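Residue-level structure breakdown
These are the residues of each chain, in order.
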Amino acid sequence: MKGSSRGLDVIKNLALRHGEKAIMAMIVAIAGYLLYSIAGHESLPSELQADKLDSLAKQVDRNMNDYTWEQAVEKSPGNVRQYEQRAGNTLEIDSDMYAVARSSWDPPVVPPTVLRADPHFLLAYDLEGHGLTGLFAFVNDATARNRELDAMKSAEDVRRKREREREREAERGGRDGFFSDEGFRGRGTLNDENRRPVNGRGQRAGVALDGLEEIKQLSAAVVLAKVPLPEQLQAYKNTFENTQTYAPSQDYPQYLGYYVQRAEVRRGEELVWQNVSLRNGKDRVRLPFVASKTIELSTYDWAQGLEEIMDPRFEHPLLTFPQPPLVGRNWDELAMHSEVPVASEMEEEMLEDEERLPPDNFTEDDMFSNLEAGGGRFAGRGGGRRRGSGGIGRDLEGMHSMEQGGSDGIIGGRKSGRGIRRVGGGENFDENGELMVDVPFKMLRFFDLSVQPGKRYKYRVKLIFSDPNYMQPTQVLSPEVLARKRTSRIVGEWSKPSPTLSIPQAGVIRVAETTDSGSRARSEPIARMLVESFGIDEKGNAQQAFKELVARRGSVMNFQGEVEVLVEGGRFIEKIEDFGIDTGVTVLDIDGGEKYTREMTAPTQTLFMDASGRLYLRDELRDEREVAMHRAMFDESKSAGRGRGGFEGFGEL
């Protein structure tokens, strides 16, 4: 055991004394071997030296950059396959199959970033329209002042005459001189056989007149179209959502207006398109397109506007032109696209939707909260020249107190506020700042008041957009955007032409009732038509004439003779001995009128042709309400006395 221990100690001592020397000797031997190996290695040939290789690489790069397709075809024709167009083999690829998945559970780690390009600007579509000829009310400052002075003078004459009547009646024992055997005195005399008040106090059609307007007979073409706002919004989102500067509250379609062109339709001739200009109501300056300012200027001298019956969600303050001041008639469906619902239908849907009911903590203050925001969805809508908002008005010594109590404020209540000023686009945004769209389209509407009756027209429109890339920095714009001229607006393309619109003569024809044609096979159907026409008297006041005419096949709905007309804003009926009704409408066919029972006959449909050759139908059931209202208003047996504002007499007091 002791010998083994001594052997290990000897080895340890040797390692400690000579181990470092042995390791250094090994390192020196390895280094010497490496030097010997390097010295004996063969060097690169001269053509593979670094400078030679660099020159060769540059030459190859130049050859690649200068090489053309024509050289390839010339040097290696057998290795080049030429492209050939094969007719009839076009294949459409469904882009939806290759759309990038954007599911919330597996979004891309780094969203791709693209430059801002121009979105695809969509066109207005499904154009339609109507034609109409009637009376329109405009406000002329000079005419209004003169008529106001005449009204004040007439009121003073009435006051003096009434004062004399009071004195005479007081001497005869009457009470305050207000009553006599002729009845209660309003304006004018009560023994005027040609004038009587209208029965009832129902709502009058058309704009409300106060006698200060200037009445003109004009023809109008109503152009209607649909603007694809939801699809246009999606086009904006597809274009901008992956850009660096995408802002949902700014990158959405902003319509600034539109251009309108029309072409007169003539048989055998090509369409010649011409721009339709608006006119400034003050100085008659032509306005080349429809926009915010031009709407205000062109409606400068309009009388009070008409109430819309359409669903207001489909309106746009710059696309939906306001209704012109039509006298004696309402625009109603004529001013609505056929696919736009009326407001009453929308209200019924809202009432049926329980989720729209106000919460339990809804207070009266909440009901008036929209007033601070400018009046709701479309602030500032309304008529042109606005009248007084009711209230006291000026009595003018009984001029208005007898008939209206001064509530119209004709003299004292007239305001400024000319033109139609509509502020804001009615946009609503969600919590993410994205535009909310709750209708399938917005309605474009335009009224052309420069057409002529008896002619036919086609229309087309071109939308004006706010340029979404106008104020964007150049480094985020695509080359296509940088190449074009950037302005504050972009004009789209022309829409497809509208159907042909025919402009009729003045007048409306309704089917009043049918006369039974009997059981004989050869008997001719007969119907009574209520013909409504318009005129202007020598003082410039509007006249709305009515006449029931017997019609057969081939009858022309024109008339010359005694008629009854509505005057003074529809408050009185006056007989005119010689009035001309010229509709130019011909009765082509009458269907219906057969007796089902002793009291019931089949409803009648009548086919008409107007002066421009347009064919259209009228239905007795559709016209029943208007005919009944007319007959109730004009029923002389229910009249409460004669004269302008007279009531049935009370006898002598």
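The structure this text deals with has already been given above.
Quick summary incoming for the structure in this document.

Definitions and limits used
- All residue numbers refer to position in the chain's written sequence, counted from 1.
- For a predicted model such as this one, the threshold for reporting local features is a pLDDT of at least 70, and the threshold for listing and counting side-chain atom pairs is 80 or more; totals across whole chains, interfaces and linings nevertheless cover every residue.
- Water and hydrogen atoms were dropped before computing side-chain values, which therefore reflect all heavy atoms in the structure.
- Only DSSP runs of H or I reaching four residues or more are called helices, and only runs of E reaching two or more are called strands; each is numbered from the N terminus.
- The rule is simple: take the accessible area with a 1.4 Å probe, protein chains only, and divide by the maximum for that residue type; under 20% is buried, over 50% is exposed, in between is partly exposed.
- Contact definition: two residues touch when any of their heavy atoms are within 4.5 Å.
- To estimate the expected span of a helix, subtract one from its residue number and multiply by 1.5 Å.
- Bend angle per residue: angle between axes fitted to the 7 residues ending at that residue and the 7 residues starting there.
- Side-chain atoms within 4.5 Å link the members of a nonpolar core, which is a set of buried Ala, Val, Leu, Ile, Met, Phe, Trp, Tyr and Cys residues.
- Stacked, tilted and edge-to-face are the three classes assigned to paired rings of Phe, Tyr and Trp, where Trp is represented by its six-membered ring and a pair needs centres within 6.5 Å; plane angles under 30 degrees give stacked, over 60 edge-to-face, the rest tilted.
- Cation placement over rings: the criterion is NZ of Lys or CZ of Arg within 6 Å of the ring centroid and within 35° of the ring normal.
- Salt bridges are identified by distance alone: a Lys or Arg side-chain nitrogen within 4 Å of an Asp or Glu carboxyl oxygen.
- A residue counts toward a patch only above 30% relative accessible area and without a salt bridge, and it is joined to like-charged neighbours within 9 Å or, for Val, Leu, Ile, Met, Phe, Trp and Tyr, to nonpolar neighbours within 5 Å.
- Residue burial considers only the protein chains on display, and all accessible areas are found by Shrake-Rupley using a 1.4 Å probe.
- A pair of strands is treated as paired once DSSP finds two or more bridges between them.

**A closer look at the overall build of the protein**
Regarding its fold elements, the protein presents 10 helices and 21 strands. Here the protein holds 653 residues, and the buried ones make up 37% of them. Expressed as a percentage of contacts within the protein between residues at least 6 apart in sequence, the contacts between residues at least 24 apart total 71%.

**Describing helix 10 (residues 620-634)**
The terminal C-alpha atoms of helix 10, which comprises 15 residues, lie 20 Å apart, in line with the 21 Å expected from a rise of 1.5 Å per residue. Of all the bends in helix 10, the greatest, near 30°, is centred on Glu626.

**Let's talk about the nonpolar core**
Nonpolar side chains in soluble globular proteins tend to be buried together. In this structure, Tyr258, Trp331 and Tyr459 are the most contacted members of the largest nonpolar core, which totals 60 residues. Where this core is concerned, the elements lending two or more residues are strand 1 (125-139), strand 3 (213-227), helix 5 (229-240), strand 4 (255-264), strand 8 (326-327), strand 11 (442-448) and strand 12 (456-466). Examining the composition of this core, we find that eight residues originate from one element, strand 3, more than from any other. In this view, Tyr258 contacts Phe289, Val290, Leu318, Leu319, Phe321, Leu444, Arg445, Phe446, Lys462, Leu463 and Ile464; residues no more than four positions away in its chain are not counted. Leu549, Val563, Val587 and Phe608 belong to the second largest nonpolar core, which has 21 residues in total.

**Re the packing of aromatic side chains**
One pass over the full model with this rule turns up 14 aromatic pairs. Look at Tyr457 and Tyr459: their rings are 6.4 Å apart centre to centre, the planes differ by 45°, and that puts the pair in the tilted class. For Tyr459, a relative accessible area of 0% gives the class buried. Members of the aromatic cluster, joined through ring pairs, are Phe121, Tyr236, Phe240, Tyr255 and Phe465. Geometry around Phe138 places Lys216 over its ring, the cationic atom sitting 5.3 Å from the centre. Here the guanidinium or amino end of Lys462 rests over the ring plane of Tyr259, the centre of that ring lying 5.6 Å away.

**Regarding the pattern of salt bridges**
Here the idea is simple: oppositely charged side chains can pair when their charged atoms come close. In total, this model carries 18 salt bridges according to the counting rule given. We note a salt bridge from Arg484 to Asp118, for which the minimum N-O separation is 2.7 Å. One end of the pair, Arg484, is in the loop between helix 9 (479-483) and strand 13 (489-494); the other, Asp118, is in the loop between helix 3 (69-75) and strand 1, and 366 residues separate them in sequence. Take Arg484: its relative accessible area is 23%, and that puts it in the partly exposed class. Overall, the relative accessible area of 29% leaves Asp118 in the partly exposed class. Salt bridges linked by common partners bring Asp118, Asp467 and Arg484 together as one network.

**A short note on a nonpolar patch on the surface**
Taken together, the side chains of Ile23, Met24 and Ile27 present a nonpolar region at the surface, about 320 Å² in accessible area. By the secondary structure assignment, Ile27 is in helix 1 (residues 2-39).

**Some details on the environment of Gly580**
With respect to the helices and strands, the residue Gly580 is situated in strand 19 (residues 572-591). Sequence-distant contacts of Gly580, defined by excluding residues within four places in its chain, comprise Phe559 and Gln560.

**A few points about unusual backbone geometry**
In most cases, non-glycine residues show a negative phi, while peptide bonds are predominantly trans. Here the phi dihedral of Asp126 falls at roughly 55°; this positive angle occurs in a residue that is not glycine. Mapping Asp126 onto the fold places it in strand 1.

**As for the sheet that holds strand 1**
Here we have four strands laid out as an open sheet, ordered 8-1-3-11, and antiparallel in their pairing. Edge positions in the sheet fall to strand 8 and strand 11, since each has one partner strand and no second. Here two bridges tie strand 1 to strand 8, and the two strands are oriented antiparallel to one another. Its bridge partner lying in strand 8, Leu135 is registered against Val327.

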